[in-house]
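Residues per chain are reported as follows:
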Amino acid sequence: MKILSKQKLTAAFDQLAEKAELLVPMQKGATSAFLPWPEFEPGRDELRLEALNVDKPPKDAVLPQTERMYKFSASGPEVAVQEVYEISSPRIVFGIRPCDFRGIECLDQVFLTRGYADGFYQSRRDNTVFIAQACYQPGPNCFCNAMGVDPVKPQADVTIHDLGDGYAWEPLTPKGEETTEMISDLLQEKKADLPEVKPFTRQVAYAGLAEKLKDLFEHPIWEKLSDPCQNCGICTYSCPTCYCFDIQVKSFGEAGYRFRCWDSCMYREYTLMAGGHNPREASRERFRNRFLHKLQFFQERYGQPLCIGCGRCLIVCPAGISIVNIMQELKEVE
Amino acid sequence: MAEAKCTCSNPLVPGLVEVVNIIDETPDVKTFYVRKPEGGVPFNVRPGQLAMVSVLPTGEGMFSVSWQEENDHLEFAIRRVGLMTDELHTVEIGQKLGVRGPYGNGFPVEECKGQDMLFIAGGIGLAPLRSFIKYCFKHREDYGKITILYGCRSYADLCFKDEIFETWPQMKDTEVYITIDREEAGWEGHVGFVPAYLEEINPSPKGRVAVICGPPIMIKLGLKSLEKMGYTDQQVISTLEMRMKCGIGKCGRCNVGSEFICLDGPVFTLEQLKKLPPEW
């Protein structure tokens, strides 16, 4: 088995960062996120490889919060359009957790299948290597196993396993092999035993729920479940699988660019039409659509739920809404 | 640092077209004819499909293509209802616009061959149906009797007046029924709402397909009328409208249940609609 000693970790980061933009889990001020390794400042910032989940999911590696799509100029009747690709270099995301990586796989389903491949997404995805870190000790808010994620067998380009003083290094794809080459001088071949997986503390009732939800669309329980929701949208922005986007314009006189940016189904404007009709006018309707999208609609369309059990929304929701409790109530309701 | 490769072109970037004709249909509807600056249509469109029209820099909006005239131009009948359409209504012939598409499934023109056709439209809802109606006339021998029922708030709001009053009623085996919501001076035609008029005309469901489009409330009541008249869920087709941004089933907002209207629709049979949540 290939082993990367923790003493050689920063050397490995330096080497990888020479070949690509390297994003690592980092605490910067009040927030933890996957951030570029060259920006790491010892003493001020903190590496967070042990964190099960950093605050911000790494979905922006492939779906940035804002992304330019094309430039234009418009002068009277004359108009010109020029496509823009902001991506400038290959990327390596180091230490993504298996749940978050399943989130990337959900995004792949959306952006790369069903008739159209989204060029902006595809370019980023093709140029990104994911090195996933297996989880042997689930946290108090973790429930990835209930959502069909194997916490120790992510299908990323490389999987690493924390052995205490080093990481077992397991390349799984040609891109992973290529990345392994970049630090081959730092890897040792050794025998090692992988740790035991500790049990999950949260039990979550997802199995069979998608099927049951087909008959619950008009159920009064949605009134009760959605009552505390403020429609603030923080759950959608902090969710590794929420992918909805808006397309907006920025113009400076006659020139400008059109860009896309993360959007949220929690907002009234999301489905409000120019004529004034809104199919999801009520907060309850938007709330219901979000949870049904996660638990039923995505399952029907792509064969997996659009929740990967990371637990971030449980932590950030100002109203204390928990998708775990919602699943439980939906499972029990008659 | 190695160069990242751009690995595919993007369906979200529009091509350019030029406005070559503008027809004032009603006080708030204009039909725009567009073609590529070098001539020809930007892409081929099947009846009922959609395209995203951009007025730069103001905005983009999704519209049904109300007709493709051979390889000459596309026609969009567009109502002025908001920021982008306000701007669009000020453009003049020669204006360049962005357009991308075609999107969506379109009407089942092949499956309807050999059938009598009943088209039911309200307001700007005739714009999408017009592509199917004109397709039927172009392939007249492939379809049976054609019945068109069209209603608007007032006479002034009726779109495509030349076609609905002159051209279409003269076509072979074709009946055109027009209604407006309220009495007005000079109008001697029918007065009343579309669903009630539909039940009054009562075209038999035997060997006939009904295609309905209009404001959501008209569609919902019209579907009830059709059911009452004996139409089965497979015989009724509608085309839906939702807010859209991408047009390719990715940006999220136009879902009804697990279906995306821009990609899986906008055309559905009533049988398909009944399997979806009533959220449109």
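Treat the numbers as computed from the prediction; the structure is a model and nothing was measured.

Reading the values: the criteria
- Residues numbered from 1 in each chain as written.
- Chains lettered and ligands numbered in written order.
- Predicted model: local features only at pLDDT ≥ 70, side-chain atom pairs only at ≥ 80, totals over all residues.
- Heavy atoms only, no water.
- Helix = DSSP H or I, 4+ residues; strand = E, 2+ residues; numbered from the N terminus.
- Rg over C-alpha atoms; globule rule 2.2 N^0.38 Å.
- Areas by Shrake-Rupley, 256 points an atom, 1.4 Å probe, with all protein chains shown as cover.
- Lys, Arg positive; Asp, Glu negative; His and termini not counted.
- Charge placed at Lys NZ, Arg CZ, Asp CG, Glu CD.
- Buried < 20%, exposed > 50% of the residue type's maximum accessible area, 1.4 Å probe, protein only.
- Contact = heavy atoms within 4.5 Å.
- Pairing = 2+ DSSP bridges.
- Axes fitted to C-alpha atoms, helices over the stretch in contact; angles between N-to-C directions.
- Buried area = accessible area lost by both parts, 1.4 Å probe.
- Salt bridge = Lys/Arg side-chain N within 4 Å of Asp/Glu carboxyl O.
- Expected span 1.5 Å × (residues − 1).
- Arc of directions from axis to C-beta.
- Polar contact = N/O pair within 3.5 Å; in protein donor to acceptor, adjacent residues only side chain to side chain.
- Parallel < 35°, antiparallel > 145°, perpendicular 65-115°, else oblique.
- Left-handed = near helix turned anticlockwise from the far one by under 90°.
- Nonpolar A, V, L, I, M, F, W, Y, C, P; charged D, E, K, R; others polar.

Q: How would you summarise the overall build of chain A if you had to cite specific residues and measurements?
A: When helices and strands are counted, chain A shows 10 helices and 13 strands. Whereas a compact globule of 334 residues would reach a radius of gyration of roughly 20 Å, chain A reaches 22 Å, a difference of no more than 12%. Structurally, chain A occupies a C-alpha span of about 65 × 60 × 40 Å along its principal axes. Per element, the accessible surface of chain A, about 14100 Å² overall, is 49% carbon and sulfur. Positive and negative charge centroids in chain A, built from 39 and 46 side chains respectively, lie 2 Å apart.

Q: Account for the environment of Gln188 of chain A, with residues named and values stated.
A: Residues and elements named next belong to chain A. Turning to its location among the elements, Gln188 is positioned in strand S11 (residues 187–189). Judged by relative accessible area, which is 33%, Gln188 ranks as partly exposed. Between the alpha carbons of Gln188 and Trp169 there is a distance of 9.6 Å; along the sequence they are 19 residues apart. Discounting chain neighbours no more than four positions away, the residues touching Gln188 are Met1, Lys2, Ile3 and Ser5.

Q: Report on unusual backbone geometry, specifying residues and quantitative values.
A: The amide bond that connects Gly101 of chain B to the next residue, Pro102 of chain B, takes the cis arrangement and shows omega of -5 degrees. Along the chain, Pro102 of chain B turns up in strand S7 (residues 96–103). For the bond from Gly265 of chain B to Pro266 of chain B, the omega torsion is 5 degrees, close enough to zero to count as cis. Mapped onto the elements of the fold, Pro266 of chain B is located in the loop between strand S15 (259–260) and strand S16 (267–269). For Arg114 of chain A, which is not glycine, the phi torsion reads 65 degrees and is therefore positive. Tracing the chain through its elements places Arg114 of chain A in the loop between helix H2 (98–112) and helix H3 (119–126). By relative accessible area, Arg114 of chain A is classed as partly exposed at 38%. Residues other than glycine seldom take positive phi values, yet Asn231 of chain A does so here, at roughly 55 degrees. Note that Asn231 of chain A resides in the loop between helix H6 (221–226) and helix H7 (234–237). Among the residues examined, Asn231 of chain A registers a relative accessible area of 14% and is labelled buried.

Q: If you had to explain the sheet that holds strand S12 (residues 245–252) of chain A to someone new, which residues and values would you point to?
A: Residue and element names in this part refer to chain A. Strands sit in the order S6-S5-S13-S12 across an open sheet of 4 strands; the sheet is antiparallel. On the outer flanks of this sheet lie strand S6 (78–83) and S12, each paired with one strand and no other. Adjacent strand axes in the sheet meet at a mean angle of 25 degrees, parallel and antiparallel pairs treated alike. As defined by bridge partners, strand S5 (residues 66–75) adjoins S6 across 6 bridges and the pair is classed as antiparallel. Paired with Lys71 across the two strands is Gln82, which belongs to S6. Contacts between H3 and the sheet are confined to S5 and strand S13 (255–262), with S5 contributing the most and set at about 135 degrees to the helix.

Q: Got a sec to walk through the interface of chain A and chain B? Specific residues and values, please.
A: On the side of chain B, 52 residues touch chain A, which itself brings 62 residues to the contact. At the boundary of chain A with chain B, total buried surface from both sides reaches about 4600 Å², with 58% on carbon and sulfur atoms. Taken together, chain A and chain B are joined by 7 salt bridges. Of the charged contacts, one joins Glu60 of chain B and Arg258 of chain A as a salt bridge, the two residues approaching to 3.7 Å between their closest N and O atoms.

Q: Any chance you could break down the sheet that holds strand S10 (residues 174–180) of chain B for me, citing the residues and the numbers?
A: Residue and element names in this part refer to chain B. An order of S11-S10-S9-S8-S12-S13-S16 is seen for the 7 strands of this open sheet, with the pairing classed as mixed. Two strands bound the open sheet, and with one partner strand each, they are strand S11 (190–191) and S16. Where helix H5 (residues 216–228) meets the sheet, it contacts strand S8 (116–122), strand S12 (208–213) and strand S13 (236–239), and its direction lies at approximately 160 degrees from that of S12.

Q: Break down the environment of Ile146 of chain B for me, with residues and values.
A: Residues and elements named next belong to chain B. On the secondary structure map, Ile146 appears in strand S9 (residues 146–152). On the basis of relative accessible area, Ile146 is assigned to the buried category, the value being 0%. With 118 residues separating them along the chain, Ile146 and Asp28 place their C-alpha atoms 28 Å apart. With residues up to four places along the chain from it excluded, the contact list for Ile146 reads Met117, Phe119, Cys136, Phe137, Arg140, Asp173, Thr174 and Glu175.

Q: Provide a residue-level description of H5 of chain B, including the pertinent values.
A: All names here are of chain B. The end-to-end C-alpha distance of H5, which contains 13 residues, comes to 19 Å, matching closely the 18 Å that a straight helix rising 1.5 Å per residue would cover. Looking at H5, one finds that the buried residues are Met218, Ile219, Gly222, Leu223, Ser225 and Leu226. Burial along H5 is one-sided: seen end-on, the buried residues are contained in an arc of 160 degrees. Along H5, the residues that are exposed and aim more than 90 degrees away from the buried face are Ile217, Lys224 and Lys228. If you follow the buried residues of H5, they end up packed against S8, helix H4 (194–201), S12, S13 and helix H6 (270–274). Two residues or fewer past H5, Gly230 is found with a positive phi of approximately 100 degrees.

Q: Give me the side chain of Ser32 of chain A: which residues, what numbers.
A: Relative to the helices and strands, Ser32 of chain A resides in strand S3 (residues 31–36). In terms of polar contacts, Ser32 of chain A uses its side chain to reach the backbone amide nitrogen of Asp55 of chain A, at 2.8 Å.

Q: Before we move on, could you go through the packing of H2 of chain A against H3 of chain A and cite the residues and values that matter?
A: All names here are of chain A. Packing of H2 against H3 leaves a shortest axis separation of 10 Å and a crossing angle of 140 degrees. Between H2 and H3, the crossing angle belongs to the class labelled oblique. The interaxial crossing formed by H2 with H3 has left-handed handedness. Where H2 approaches H3, its residues Phe101, Ile104, Leu107, Asp108, Phe111 and Leu112 are matched on the opposing element by Tyr121, Gln122 and Arg125. Tallied by class, the residues present in the contact of H2 with H3 amount to 6 nonpolar, 1 polar and 2 charged.

Q: Any chance you could break down the pairing of S3 of chain A for me, citing the residues and the numbers?
A: Sheet faces and side chains relate simply in a regular strand, where the side chains alternate between the two faces. Residues and elements named next belong to chain A. In terms of residue burial, S3 counts as a mostly covered element, since 5 of its 6 residues are buried. As defined by bridge partners, strand S2 (residues 21–28) adjoins S3 across 6 bridges and the pair is classed as antiparallel. Bridged to Leu23 within S3 is Pro36. Where S2 folds back on S3, the antiparallel hairpin that results is connected by 2 residues, among which Gly29 adopts a positive phi of roughly 60 degrees.

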